[in-house]
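# Descriptive structure summary
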Amino acid sequence: MALQGPEELGEQVEEPEDLDDQDASSISPAEEITLPPGAGGDEVAEDALLLPWDRFSAWLHCICVVGFDLELGQAVEVRQAEGQLGHTKLTRAENKTSICYLSFPDSNSGCLGDTQFCFRFRQGSNRKSSLGCFLETTDRDAPPCLKREQGHYYGYVYFRQVRDKSLKRGYFQKSLVLISKLPYVTFFHSLLKIMAPEYFEKQEPCLEAACNDIDRWPTPLPGRILTLPIMGVVIKVRIPTCYDKPGTSQLVQSAQSDSLVSIVLPTIHEVDLFRCFYPVFFHIQMLWELVLLGEALVVMAPSPAESSDTVLALVSCISPLRYCTDFRPYFTIHDSEFKEYTTRTQAPPSVILGVTNPFFAKTLQHWPHIIRIGDMKQTGEMAKQMKVKKLKNLKTLDSKPGVYTAYKPYLNKDEEIIKQLQKGVQQKRPSAAQNAILRRYFLELTQSFIIPLERYVASLMPLQKSISPWKSPPQLRPFNQQDFMKTLEKAGPQLTSRLKGDWIGLYRHFLKSSNFDGWFRNRRREMTQKLEALHLEALCEEDLEQRIQKHTEVETVDLVLKLKDKLSQAEREQLPVRTGTLGKLKAHIEAVIQALPEDLQGILHKPSSP
């Protein structure tokens, strides 16, 4: 903008209408993290604005219990804390189709005992949360991979199946499911390990108590160490921030005053990469390329736990880049997108699917890349599938484990990481150490790839001297693919990576992908906000009182209105301005208003409509 001149708890549901071993150098105590001014927000001010059930809704949408009815099949028996005080309810499709069918393993899985897994499903309609402003604060400070989902929900499942002769089917089958927008996989699985056994023993009253516990939790703002009591247990955890150095573990320190803390979680979201990739670890570099490029991938696994863990491991292997296309850790034939994702009339969509039903081996034969995972429990046996398999050899879910694809990687194979992991298996290196090695490898590979892009995009920023307080902020220069490619000769990934290969071809393919589109949109938004912030700071350095002496009252009123708009924008978008800038702008506005006649002062002092 140019500035010219101066539902009740415990409801029995019928279908409603609406329903480690790391390098010491990479570890630093969480308490020592210093955030930029304003990051993390003002806890007292935020909490003062929260209504009952807002805290619960900041963590969870609702809690469901899914059982098996002989006539209806899978059905939601209980739904806790949904729709409290005006919070949105799940639609019929979300509730019935998605949650019911995705909360149980396929019948062929034979999951006796307790099984944990997660699924992800599309939100039925684009509904806004009443927590909008607060959630924007949370997302602003979160790393890309931990930002709240916009169009999807996560379902975190604890499924129990045990023999029970008193029931007609001969089995007790029930799932406790946490529905959330937050991708805190490790945290919610840990939470379910506390809640589910208690629920299966004591039923609904204990769920009511759990919901009330959660509604007293502090809100999940990045950078804070949170102490979370639940059902007599206390969890201590830290939500990472986008200001943390990638690859570091901001460990939560136990203190003497923590006598009540029962569980300290080292991570809220990271899965065990080595355990997940172990069955196919000869192909980890090729899999990294496929995920980076947003290729259509299907993971065929013997159980929902192995399916969902592997899909989540794939999505996280390009961290700190955010995977910007769709992924379904556990997908069934009942999913609302089943027809869309299995049609042969068009190319498979850019999505990663995790499946367990043998039916998919036939239905998805036309997909270009298929990963067949064996039983992860057999970790003592070294993976032997070194060669990529031909797609025509995949006929049933009983096919041998391995990667089935015709894809030719752009980069030469990194034999060093394979040897390092193999040596670790032979020497019985702890799983946590193997996981740390693999996570660091993926991080360095992704950073080597993304640094040249970051460097080029930074060069699109206008010079600071081109910013004038009395003109609109300058625009970013457009991204030019040819110009970017020219930079790779001297400042490409070869500066930081030992890998050889067709890096240029990999970049060309990546620039056409959803992952590039999502990354560049985010960077462009951040840089545009930075330009707005610099423009605002330049404006605050002007002597506005002297400038308005040369202008009419009408021009001065127009200036005040525009300054108020700038202030509103800065607060709404949380522009990255220097500390004190907004206070200085408010003082400027007040000083200009004071220079006007009293009748105009009264009009301009009226609060603007929200």
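Residues numbered from 1 in each chain as written. Predicted model: local features only at pLDDT ≥ 70, side-chain atom pairs only at ≥ 80, totals over all residues. Heavy atoms only, no water.

For the chain, an unreviewed UniProt entry supplies the name DENN/MADD domain containing 6Aa and the organism Mastacembelus armatus.

## Observations regarding the packing of aromatic side chains
Put simply, the rule is: Think of it this way: a Phe, Tyr or Trp ring, Trp meaning its six-membered ring, pairs with another when their centres are within 6.5 Å, and the plane angle makes it stacked under 30 degrees, edge-to-face over 60, tilted otherwise. Helix and strand assignments come from DSSP, with helices taken as H or I runs of at least 4 residues and strands as E runs of at least 2, each series counted from the N terminus. Summary of the burial criterion: residues with accessible area below 20% of their type's maximum are buried, those above 50% are exposed, and those between are partly exposed, where the area comes from a 1.4 Å probe applied to protein chains only. Each ring is checked for a lysine NZ or an arginine CZ that lies within 6 Å of its centre and within 35 degrees of its normal; such an atom marks a charge sitting over the ring.
Overall, the coordinates contain 42 aromatic pairs when judged by the stated rule. When the centroid spacing of 5.8 Å and the interplanar angle of 90° are considered together, the rings of Phe172 and Phe200 count as edge-to-face. Placement of Phe172 in strand S7 (residues 171-180) and of Phe200 in helix H5 (residues 185-202) is noted, with a sequence separation of 28 residues between them. Take Phe172: its relative accessible area is 21%, and that puts it in the partly exposed class. Between Phe187 and Trp217, the aromatic rings sit 6.0 Å apart at their centres with planes inclined by 70°, giving edge-to-face as the arrangement. Here Phe187 is found in helix H5, whereas its partner Trp217 is found in the loop between helix H6 (204-214) and strand S8 (225-230), with 30 residues between them in sequence. Each of the two residues, Phe187 as well as Trp217, counts as buried. Ring-pair connections join several aromatic residues into one group, and the members of that group are Trp288, Phe449, Tyr456, Phe479, Phe484, Tyr507, Phe510, Phe516, Trp519 and Phe520. Taking the ring centre of Tyr153 as reference, the NZ or CZ of Lys181 above it sits at 4.6 Å.

## Notes on the sheet that holds strand S13 (residues 326-328)
Two strands in a sheet stick together by hydrogen bonds in their backbones, pointing the same way (parallel) or opposite ways (antiparallel). Going by this rule: For two strands to be treated as a pair, DSSP must find at least two bridges joining them. Here the axes come from fitting lines to C-alpha atoms, over the contacting stretch only for helices, and the angles between their N-to-C directions go from 0 to 180 degrees. Contact criterion: two residues are considered in contact whenever any of their non-hydrogen atoms come within 4.5 Å of each other.
One open sheet accounts for five strands, arranged S13-S14-S12-S15-S16; its pairing is mixed. Each edge of the open sheet is held by one strand with a lone partner, namely S13 and strand S16 (402-405). The sheet shows a mean angle of 15° between the axes of neighbouring strands, direction not considered. Taken together, the four bridges between strand S12 (residues 297-300) and strand S15 (residues 369-372) define a ladder with parallel strand orientation. Each residue of the ladder has a partner; that of Val299, found in S15, is Ile371. Here helix H8 (residues 284-292) sits on the sheet and contacts S12, strand S14 (351-355), S15 and S16; the angle it forms with S16, its principal contact strand, is near 50°. Its contacts with the sheet place helix H9 (residues 304-316) against S12, S13, S14 and S15, and it is angled at close to 160° to S14.

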